[in-house]
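An overview of the molecular structure
As a plain string of letters, each chain reads:
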Amino acid sequence: MFFRYIDENTCLFRAVFNADPHMAYIPQWLINFGMKTVVYMILGRVKEKSEKFAGTALEERVKNNKYLYDEVRRRLHATLNDKEKKESHNDTQDIQLQFQ
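Described in the following lines is the structure provided in the data block. Only a predicted model underlies this, so the values are computations on that prediction, with no experimental measurement involved. Residue numbering note: each chain is counted from 1, following its sequence as written. Reporting of local features is limited, given that this is a predicted model, to residues whose pLDDT is at least 70; pairs of side-chain atoms are given and counted only at 80 or more, and all residues count toward the totals for whole chains, interfaces and linings. No hydrogens and no water enter the side-chain calculation; it runs on all heavy atoms of the structure.

**Quick look at the pattern of salt bridges**
Close approach of charged atoms allows side chains of opposite charge to pair. By definition, a salt bridge exists where a carboxyl oxygen of Asp or Glu is found within 4 Å of a side-chain nitrogen of Lys or Arg. Scanning all chains against the criterion turns up six salt bridges. Put simply, Lys47 and Glu51 hold a salt bridge, and the shortest N to O gap is 3.1 Å. Highlighted residues: Lys47 and Glu51, both in helix α1 (residues 28-51), separated by four residues, approximately one helical turn. The buried label goes to any residue with under 20% of its type's maximum accessible area, the exposed label to any with over 50%, and the partly exposed label to all in between, with areas taken from a 1.4 Å probe on protein chains only. Here Lys47 falls in the partly exposed class, since its relative accessible area comes to 27%. Overall, the relative accessible area of 55% leaves Glu51 in the exposed class. Linked through salt bridges whose partners overlap, the residues forming this network are Lys66, Asp70 and Arg73. Strands are runs of DSSP state E lasting at least two residues, helices are runs of H or I lasting at least four, and both sets are numbered from the N terminus onward.

In structure tokens, the structure reads:
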């Protein structure tokens, strides 16, 4: 699962889930419902957490360890860019989200 910044109000969210609910048959409508619900909940949580970053202990750690977090950020961007170049867009579903 990853996010890519597109502009100030838009990001790309890409996710691939592998799950085995140990059931012989799951109707497609139930899988679709679950995916829509799970994605919605995950994005809601990410949005919530990102809005509450200011003033948290994590923000303080990031400020105090600028070199470390800049390196983490650089490596994540490099990894995501490499992965994106290798992946076929047919393998996963791209969802473009507008946050208001």
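That covers the picture; the talk isn't over yet.
**Concerning the pairing of strand β2 (residues 10-14)**
Counting buried positions along β2 gives five out of five residues, so the element sits mostly inside the fold. Residues Thr10, Leu12 and Arg14 line one face of β2 and the alternating positions Cys11 and Phe13 line the opposite face, and both faces are buried. Strand pairing follows a simple DSSP-based rule, namely that at least 2 bridges must link the two strands. Here strand β1 (residues 2-7) pairs with β2 via five bridges, running antiparallel. In the strand pairing of β2, Phe2 is matched with Arg14. Where β1 folds back on β2, the antiparallel hairpin that results is connected by two residues.

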